[in-house]
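Spelled out, the chains give:
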Amino acid sequence: FQRGSCTFVAQEEEKVVGFIVVRKERDAGHVITIDVEPAYQDRGVGTQLMEAGEEWLRAESVREIYLETAEDNHKAIAFFRRWGYETVRRISGYYADGKDAFLMRKELESGRRERMEN
């Protein structure tokens, strides 16, 4: 546990099938990691985790969120783009094995949800 961070875990019965760790860093949020077991991908688990992480960051008054993902992880890149993240730049040698990463970010709308009245 780290101050200013939050972890959400997705479980099926007793088994952990995914998790996300997010952290508030000044006025920005950082998705430290998100991971879903391969057998549970494409079943909405990642979506639920992103919703929980972004909602927590909204409650923390965060205005933008950023994350890093491997440049060759096309599935993750497509997932994040669907969530509104844009590639900002490449980070050379980001991972221990020397792989590059993409830094991605998005503006986070206000935590206040206004209701339409008829």
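Note that the coordinates shown come from a computational prediction; the quantities given were computed from them, not determined experimentally.

A. Structural context of the nonpolar core. Core analysis: the largest hydrophobic core is formed by 24 residues, its most contacted members being V31, V45, M50, I65, F80, Y85 and M104. Mapped onto this core, the elements with two or more residues apiece are β1 (5–12), β2 (15–25), β3 (28–36), α1 (45–59), β4 (64–70), α2 (74–82) and β6 (101–107).

B. Layout of the environment of A70. Secondary-structure assignment places A70 in strand β4. Distance from A70 to I91, taken between C-alpha atoms, is 9.4 Å for residues 21 residues apart in sequence. Excluding residues that lie within four positions of it along the chain, A70 makes contacts with I77, Y95, D100 and A101.

C. Representation of the packing of aromatic side chains. Throughout the structure, instances matching the rule amount to 4 aromatic pairs. Centre to centre, the rings of Y94 and Y95 are 4.9 Å apart; their planes meet at 85°, and the pair counts as edge-to-face. The structure contains a cluster of three or more aromatic residues connected by ring pairs, namely F79, F80, W83 and Y85.

D. Expanded view of the pattern of salt bridges. In total, this model carries 9 salt bridges according to the counting rule given. Across the salt bridge formed by E25 and R23, the nearest N and O atoms sit 2.6 Å from each other. A relative accessible area of 23% places E25 in the partly exposed class. A salt bridge links E54 to K106, with the shortest nitrogen-to-oxygen separation between them at 3.1 Å. Taken together, the residues E54 in helix α1 and K106 in strand β6 connect sequence positions 52 residues apart. Assigned by exposure class, E54 and K106 land together as buried.

E. Examining the layout of surface pockets more closely. Each pocket or cavity is described by its volume, and for the largest pocket that value is around 630 Å³. Looking at the lining of the largest pocket, the elements that each hand over two or more residues are β3, α1, β4 and α2. The element best represented in the lining of the largest pocket is β3, accounting for 6 residues. Per-class residue counts for the lining of the largest pocket are 13 nonpolar, 7 polar and 6 charged.

F. Highlighting the sheet that holds β6. One open sheet holds the 6 strands; their spatial order is β1-β2-β3-β4-β6-β5, and the pairing between them is mixed. The open sheet has two edge strands, β1 and β5 (86–91), and neither has a second partner. Between one strand and the next, the sheet's axes are offset by a mean angle of 25°, whatever the strand orientation. Where β3 meets β4, 4 bridges bridge the pair, whose relative direction is parallel. By the bridge assignment for β4, V31 is matched with L67. Along the sheet, α1 contacts β1, β2, β3, β4 and β6; its crossing angle with β2, the most-contacted strand, is approximately 25°. Packing against the sheet, α2 makes contact with β3, β4, β5 and β6, and its axis sits at approximately 165° to β4.

Rules behind the numbers
Residues numbered from 1 in each chain as written. Predicted model: local features only at pLDDT ≥ 70, side-chain atom pairs only at ≥ 80, totals over all residues. Heavy atoms only, no water. Core = buried A, V, L, I, M, F, W, Y, C linked by side-chain atoms within 4.5 Å. Buried < 20%, exposed > 50% of the residue type's maximum accessible area, 1.4 Å probe, protein only. Helix = DSSP H or I, 4+ residues; strand = E, 2+ residues; numbered from the N terminus. Contact = heavy atoms within 4.5 Å. Phe/Tyr/Trp six-rings, centres within 6.5 Å; stacked < 30°, edge-to-face > 60°. Salt bridge = Lys/Arg side-chain N within 4 Å of Asp/Glu carboxyl O. 1 Å grid on protein atoms, 1.4 Å probe; cavity = no way out; pocket = protein on both sides within 12 Å on 5 of 7 lines; lining within 4 Å. Points joined across faces, edges and corners; volume = space filled by probe spheres on them. Nonpolar A, V, L, I, M, F, W, Y, C, P; charged D, E, K, R; others polar. Pairing = 2+ DSSP bridges. Axes fitted to C-alpha atoms, helices over the stretch in contact; angles between N-to-C directions.

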